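# Overview (structure and organization)
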Amino acid sequence: MTGTAITLAGVRKSFGDTAAVDDLSAVIPAGSLTALLGPSGCGKSTTLALISGLLDPDRGDIRFDDRSQLGVPAERRPAALVFQKPLLFPHLDVERNVGFGLRMRRVDRSETRRRVAEILDRVQLGPLARRRVGELSGGQEQRVALARALVLEPRVLLLDEPFSQLDAALRAEMRCLLTDLHAEYGVTTLLVTHDQSEAVEVADTIALMLDGHLAGQGTPETFYTAPPSLAAARFFGVTNELAGTVRNGLFTAAGTGLRRPTPLPDGPAVLVIRPETFALPTTLRDAGTQTDSTADATTDTMTGTAVAARFAGSHLAVDVRVGDLEITVHTPVGTAVQLGSPMVLTLPPESGTVLAGDTVDPGAPRDAR
């Protein structure tokens with residue numbers, strides 16, 4: 001199988017007076033595994049339906065490579081769609097479910113059997129070929145749905161939150177299977193998800209949708225370490241927002257003394273810093289004896305007071321009061337935290353991202369804690 005590039009050019013789709021997708025423009029690279037990421041109601045599933053041909057846009061164009069798909073019915077597009085629910089035929093066994101699309105295309109019986117057997121082995125369901133789907137687990141049902149799509153040898157694979165109803169262990173297993181299948185077949189894959197960790201784990205490209213618009217597109221590393229906007233930073237759970245001002249290409253965070261060069265024009269801005277960026281003293285009880293004069297000249301330091309600490313599985317989340325600010329930092333589990341004790345926060349040089357913005361939203365998501 002090979003993939004095809006998908007181009008969305010000024011696409012709009014409304015339902016009544018509500019625009020689910022508005023002036024959406026994006027390019028999904030051929031052969032990529034792209035996560036279409038965003039909160040519920042942002043237009044992700046509508047976008048998938050538009051690409052597959054289940055919906056027609058009100059305006060704009062959708063192209064596979066250089067060919068417009070406007071007016072091309074869903075069954076004639078080289079795309080396969082896997083829904084959140086597997087939507088299998090309960091009266092058919094696994095083998096006949098997977099081969100259904102090939103039979104509808106009147107593919108030769110021997111060729112159908114060969115392709116079905118091959119894809120069932122690839123998704124580790126070969127021994128279950130004659131089992132009724134009602135006897136399968138949730139993860140096995142989604143494997144059947146994936147096999148039914150891939151057996152058609154599509155150039156575009158569209159996945160609408162296919163793992164959201166599985167438990168954590170099965171989700172992890174299915175993510176590994178998806179990345180393995182993508183590496184093997186190279187089909188252009190667009191995965192709709194609202195889960196940031198899922199997008200970062202499986203995708204080589206992320207397209208972030210907010211309120212029906214494309215809010216940014218890039219690698220997972222880019223979104224994680226250098227988000228393109230304050231809205232994107234908040235969606236990815238960046239908890240620390242330090243408001244300040246840009247003057248002559250230099251941002252200064254109010255009340256901290258932190259400064260960062262920036263190409264932004266003069267005016268209000270925000271420095272966003274992920275909690276794991278901070279380095280802490282080896283022993284927090286020694287923080288009171290550490291001063292800015294003893295810190296490495298290439299680093300930034302802030303002195304504050306530990307006010308709360310929470311166990312978060314892989315790390316300890318510590319809230320530190322620095323002046324009027326409350327900053328969340330992540331430190332290894334087992335670190336001795338003494339609430340009310342002084343703490344020196346150390347930042348690598350030029351860490352964080354300066355973004356345009358004039359307010360710090362107190363209700364911003366704090367998922368990264």
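Residues numbered from 1 in each chain as written. Predicted model: local features only at pLDDT ≥ 70, side-chain atom pairs only at ≥ 80, totals over all residues. Heavy atoms only, no water.

### Quick look at the sheet that holds strand β6 (residues 79-82)
This is how it is decided: DSSP bridges decide pairing: two strands pair if at least two such bridges lie between them. Only DSSP runs of H or I covering at least 4 residues are called helices, and only runs of E covering at least 2 are called strands; the numbering of each starts at the N terminus. To define axes, lines are fitted to C-alpha atoms, for helices over the stretch in contact only, and angles between the resulting N-to-C directions are given on a 0 to 180 degree scale. Contacts are assigned to residue pairs with any non-hydrogen atoms lying within 4.5 Å of each other.
With mixed pairing, the six strands of this open sheet are ordered in space as β6-β7-β8-β3-β9-β10. Only two strands of the sheet have a single partner each, and these edge strands are β6 and β10 (213-218). Each adjacent strand pair in this sheet contributes to an overall mean axis angle of 20 degrees, direction not counted. Contacts from helix α4 (residues 138-150) reach β6 and β7 (156-160) within the one sheet, and its direction differs from that of β6 by about 170 degrees.

### Here's the deal with the packing of aromatic side chains
Operational definition: Each Phe, Tyr or Trp ring (for Trp, its six-membered ring) is paired with any other whose centre lies within 6.5 Å, and the angle between the two planes then decides the class: stacked below 30 degrees, edge-to-face above 60, tilted in between. Working definition: with a 1.4 Å probe on protein chains only, accessible area under 20% of the residue-type maximum means buried, over 50% means exposed, and in between means partly exposed.
According to the stated counting rule, one finds three aromatic pairs in the structure shown. For the pair phenylalanine 89 and phenylalanine 100, a centre-to-centre distance of 4.6 Å together with 50 degrees between the ring planes defines the contact as tilted. On the criterion of sequence distance, the pair formed by phenylalanine 89 in the loop between β6 and α2 (94-104) and phenylalanine 100 in helix α2 is long-range, its members being 11 residues apart. For phenylalanine 89, a relative accessible area of 27% corresponds to the partly exposed category. Since its relative accessible area comes to 28%, phenylalanine 100 is described here as partly exposed. Measuring from centroid to centroid gives 5.4 Å for phenylalanine 223 and phenylalanine 236, while their planes differ by 20 degrees, and the two rings are stacked. Remark: phenylalanine 236 occurs in the loop between α8 (230-235) and β11 (240-247) and phenylalanine 223 occurs in helix α7 (residues 220-225); sequence separation between them is 13 residues.

### A look at the environment of glycine 212
Here glycine 212 is to be found in the loop between β9 (205-210) and β10. Accessibility expressed as a relative area gives 0% for glycine 212, which makes it buried. Taking the C-alpha atoms as reference, glycine 212 lies 11 Å from serine 25; in sequence the two are 187 residues apart. Setting aside its immediate chain neighbours within four residues, glycine 212 contacts Ala20, Val21, Asp22, Leu24 and Cys42.

### A few points about the nonpolar core
Keep this limit in mind: The nonpolar core is taken to be a set of buried Ala, Val, Leu, Ile, Met, Phe, Trp, Tyr and Cys residues, with the residues joined through side-chain atoms within 4.5 Å.
Judged by nonpolar contacts, the single largest core of 47 residues is most densely connected at Val98, Leu146, Leu157 and Ile206. With six residues, the single largest contributor to this core is α4. Residue contacts for leucine 157: discarding those within four places in its chain leaves Ala80, Val82, Leu146, Ala149, Leu150, Val187, Thr188, Thr189 and Leu190.

### With respect to the sheet that holds strand β16 (residues 316-322)
If you walk across this open sheet you meet the four strands as β17-β16-β15-β18, and the pairing is antiparallel. Two strands in the sheet have a free side with no partner beyond their single neighbour: β17 (325-331) and β18 (342-347). Strand-to-strand, the axes of this sheet are offset by a mean angle of 45 degrees, without reference to chain direction. Both β16 and β17 contribute to a ladder of seven bridges, which runs antiparallel. If you follow valine 322 over to β17, its bridge partner there is leucine 325.

### Points about α4
The line we're drawing: Residue count minus one, scaled by 1.5 Å, sets the expected span of a helix.
Taking 1.5 Å of rise per residue, 13 residues should cover 18 Å, and α4 covers 19 Å from first to last C-alpha, within 8% of that figure. In terms of burial, α4 is largely enclosed, as 10 of its 13 residues are buried. Along α4, the positions that sit buried rather than exposed are Gly139, Gln142, Arg143, Val144, Ala145, Leu146, Ala147, Arg148, Ala149 and Leu150. On its buried side, α4 packs onto β6, α2, α3 (109-122), β7 and α5 (168-185).

### Thoughts on the pattern of salt bridges
Test applied: Salt bridge, as used here, is a side-chain nitrogen of Lys or Arg placed within 4 Å of a carboxyl oxygen of Asp or Glu.
Applying the stated criterion to the full structure yields 20 salt bridges. Here glutamate 135 and arginine 131 are joined by a salt bridge, their closest N and O atoms 4.0 Å apart. Look at glutamate 135 and you get exposed, because its relative accessible area is 53%. Classification of arginine 131 as partly exposed rests on a relative accessible area of 35%. Glutamate 173 is paired through a salt bridge with arginine 143; the nearest N and O atoms lie 2.5 Å apart. Taken together, the residues span a long stretch of sequence, with glutamate 173 in helix α5 and arginine 143 in helix α4 at a distance of 30 residues. Glutamate 173 gets classed as partly exposed once you look at its relative accessible area, which sits at 39%. Overall, the relative accessible area of 7% leaves arginine 143 in the buried class. Overlapping salt bridges bring together Glu111, Arg114, Arg115, Glu118 and Glu153 as one network.

### Things to note about empty space enclosed by the protein
Stated precisely, the cut-off is as follows: The distinction between a cavity and a pocket rests on a 1 Å grid over the protein atoms alone: a 1.4 Å probe fits inside a cavity but cannot get out, while a pocket stays open yet meets protein on both sides within 12 Å along at least five of seven lines, and a residue with an atom within 4 Å of a point counts as lining. Grid points are joined across faces, edges and corners, and a volume is the space filled by probe spheres set on the points. Charged means Asp, Glu, Lys or Arg here, nonpolar means Ala, Val, Leu, Ile, Met, Phe, Trp, Tyr, Cys or Pro, and polar covers whatever is left, Gly included.
Inspection of the entire model under this criterion finds two cavities of 30 Å³ or more. Each pocket or cavity is described by its volume, and for the largest cavity that value is around 50 Å³. Lining the largest cavity, in full, are Leu8, Leu24, Ala26, Ile28, Leu36, Thr47, Ile51, Leu190, Ala207 and Leu214. Contributions of two or more residues to the lining of the largest cavity are made by β2 (18-28) and α1 (44-52). Counting residues per element, the lining of the largest cavity draws most heavily on β2, at three residues. For the lining of the largest cavity, the per-class residue count stands at nine nonpolar, one polar and no charged. Taken as a whole, the second largest cavity spans an internal volume of roughly 30 Å³. Ranked by residue count, the leading element in the lining of the second largest cavity is α5, at three residues.

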